[in-house]
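Tertiary structure, described
Spelled out, the chains give:
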Amino acid sequence: MTATLVRKLLRDVRPALLVVCLVLFAFATLWVKIAQRVTSEIAPVFNSVALVFGDKNLFQDLIFKGPGRVSQAALGWGDLNFERPDDFLAMGILHPVVLILALVWSIGRAGGAIAGEIERGTMELLLSQPLPRNRLILAHFLVDLLVLPLICSAYFAGTQFGLYLVGDFVPDYTTLRNLKAPSGQAIALPIPDDPQPLPVNGLAEFWGLLNTVALMFAVSGMTLAISAVGRSRWRTVGYAVLIVVVMFVANTLGQLWEPAAFTRPVTLFFYYQPQKAMLQGNWLTDLGQAWPGAPAVPGVAVLVAVGILGYLSAWRTFVRRDLPAPL
Amino acid sequence: MGEPLLVTDNLTKDYGPFRALAGLNLQIAPGEVVGLLGPNGSGKSTALRLLLGFMRPTLGTARIGGFDCWSNGVEARKRVAYLPGELRLYETMTGRRLVNFLGQLRGDPPGPEVDSLARRLDIDIDRPLTHLSSGMKRKVALLTVLTPKVPLIILDEPTNTLDPTMRDELLEQLQMARQRGQAVLFSSHVLQEVEAVCDRVAILRRGELVHLQNMAELREGRNVSARLTGQPPTRGPDGTPLPPGSVANGRLHLSYRGPLPMLLDWLAHQPLADLRVEPQNLMPIYRRFHGTS
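Every value quoted in this text rests on a predicted model; they were computed, and no experiment measured them.

1. Structural notes on helix H1 (residues 44-51) of chain B
Residues and elements named next belong to chain B. Among the eight residues of H1, seven are classified as buried, and the element is accordingly described as predominantly covered. Of all the residues in H1, the buried ones are Lys-44, Thr-46, Ala-47, Leu-48, Arg-49, Leu-50 and Leu-51. Following H1 by one or two positions, Gly-53 adopts a phi angle in the positive range, close to 75°.

2. Some words on the packing of helix H1 (residues 2-52) of chain A against helix H3 (residues 95-106) of chain B
Contact pair H1(A) / H3(B): the axes reach a minimum separation of 9 Å and the direction vectors enclose 145°. Contact with H1(A), carried on its side by A:Thr4, A:Leu5, A:Arg7, A:Lys8 and A:Arg11, involves B:Arg97, B:Phe101, B:Gln104 and B:Leu105 of H3(B) and no other residues of that element. Taken together, the residues of the contact of H1(A) with H3(B) sort by class into three nonpolar, two polar and four charged.

3. So, the packing of H1(A) against helix H7 (residues 133-166) of chain A
Residues and elements named next belong to chain A. Their axes nearest at 7 Å, the elements H1 and H7 cross at an angle of 25°. It follows that H1 is roughly parallel to H7 by the angle criterion. Crossing of H1 against H7: the hand is right-handed. A breakdown of the residues in the contact of H1 with H7 according to their chemical character gives 29 nonpolar, seven polar and two charged.

4. Quick notes on the environment of B:Asp115
Residues and elements named next belong to chain B. Assignment of secondary structure puts Asp-115 in helix H4 (residues 113-121). C-alpha separation for the pair Asp-115 and Gly-31, spaced 84 residues apart in sequence, amounts to 25 Å. Residues contacting Asp-115, with those up to four places away along its chain left out, are Arg-96 and Ile-125.

5. A closer look at the sheet that holds strand S12 (residues 247-248) of chain B
All names here are of chain B. Judged by pairing direction, the sheet is antiparallel, and its four strands sit side by side in the order S12-S13-S11-S14 without closing on themselves. The sheet is open, and its two borders are formed by S12 and strand S14 (272-279), each paired with just one other strand. In terms of strand pairing, strand S11 (residues 221-228) meets strand S13 (residues 251-257) through seven bridges, oriented antiparallel. What sits directly across from Val-224, in S13, is Leu-254.

6. Notes on the sheet that holds strand S9 (residues 200-205) of chain B
Residue and element names in this part refer to chain B. Across the sheet, six strands lie side by side as S6-S7-S8-S3-S9-S10; this open sheet has mixed pairing. The strands lining the two open edges of the sheet, one partner per strand, are strand S6 (80-83) and strand S10 (208-214). Along the sheet, successive strands turn relative to each other by an average axial angle of 15°, direction set aside. Inspection of the sheet shows strand S3 (residues 33-37) paired to S9 by four bridges, in the parallel sense. Note on S9: the bridge partner recorded for Leu-37 is Ile-203.

Conventions we followed
- Residues numbered from 1 in each chain as written.
- Chains lettered and ligands numbered in written order.
- Predicted model: local features only at pLDDT ≥ 70, side-chain atom pairs only at ≥ 80, totals over all residues.
- Heavy atoms only, no water.
- Buried < 20%, exposed > 50% of the residue type's maximum accessible area, 1.4 Å probe, protein only.
- Helix = DSSP H or I, 4+ residues; strand = E, 2+ residues; numbered from the N terminus.
- Axes fitted to C-alpha atoms, helices over the stretch in contact; angles between N-to-C directions.
- Contact = heavy atoms within 4.5 Å.
- Nonpolar A, V, L, I, M, F, W, Y, C, P; charged D, E, K, R; others polar.
- Parallel < 35°, antiparallel > 145°, perpendicular 65-115°, else oblique.
- Left-handed = near helix turned anticlockwise from the far one by under 90°.
- Pairing = 2+ DSSP bridges.

Structure, rendered in structure tokens:
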């Protein structure tokens, strides 16, 4: 019975799933190319010029000033270094395209899971069968367990494919070597004679994407909990989007403005730090940043716990509620 | 009536301050066809939805096959096939896939009888539902209801959007279900179709069961209407005095319940100018509770 439901739910999401996976795969592949170009072509040029001025961080500081700092905080790029390929690859997981796709998927699917089914009137068709209501929640849970890792795997596969296509990240100083002063003389810049390939560990992205799976699961669980009380898909989606946006803004504001930092731990985005897992193998999120004296907690575990709580809440609500007539 | 298959005991549902169903007491035996009659808002659909376990009763209980429809709804629904009034199907599925899907959920995948039933209902079950008209979709939905071998079929206004031929086919299918020993509970606005198939009819008004009519008793009765040319009778076919008002202005109006030969013999001795003998129907009873609607 549950397997039948899971198969049906998977069949329902198949077209959208294919599109999301393809977009993420393509984006990840493209991001590798961007990473290669920035880290091995653009960054060496900036670094060489910056070294002339004696300030290695000249350009990074310039980029992340004013509005740049806001976007840096919003996207969690604060600790990342544009010159390192792995850091740049980690930025891909934090990129708005990936975040928005992940959130839209989670909210859209979970929003339609119960409220949408009631709104369409097909819930009556399902529940007039000898189907325990908790099986429907279980089926959605299993679909999340299958689909969310699949979506992130598409991104991972895209990165691996991109790395295969672009090859080594060898710093390219051709532009600098060809630079000439107006007098026609070559400019003396600190350019290595034999640049070595930059270290790239694309496989480490796997750990970062686990964090993405956890975030998607948390949002999905939270949305399902809302869906279980509602009867309109779009109203459910609206509430879920509102909550996510408020969390995102609170987390960003908390990074930029110290007095608001205390709000960050109640947002999901505070625990979404794939770059730390990917680059440092650090799974802990330091609550002490926002709540002095509080311990570090495993961010992924918090996100998974939120997802599970959402599912439990949805289950508890759905098995007790009246099923209204379709709108 | 044998051991009841369905029993409701003081079944009540409130929506906030509004009482949608008030203390429904109803029993249905295996193989019995029962109609729920009443205008919109009379509580028919609420009653059916409570039986399906879609809602928790405010008061009272409903049991199917001995299982409480809310607290043990899965066991109760194993014994029920349901056709909703507001029909919504999975539009991307074909009829066959839908029937198979629901059968698998029921743990009883349908057999080859689906095809013969589909032929009878004149539907192509291999077309996606989105390509079908509303009437065809309703036929597919009927297929999903008639296929499972369950003791009780519940239909909420099943003839909506069906053409007259298919309505007759449906009513015939319900008769066949009764012959197989399946009980049927269905709601309707259409008195004729209720009269055609039901063993009993429950009339609801503003959430209350106001009348339960045994159709066999009703069918035994006849309405006699005649114009008289001579001395009017003072006693009826069974020899009892005619009720006051039976004869007025040279016309005879009589409700008779008894053997037909006795009536015909009695009529043969009356001074008749013309005569109409009709089986009794639900309309006067329905009008008693719902005016002329």
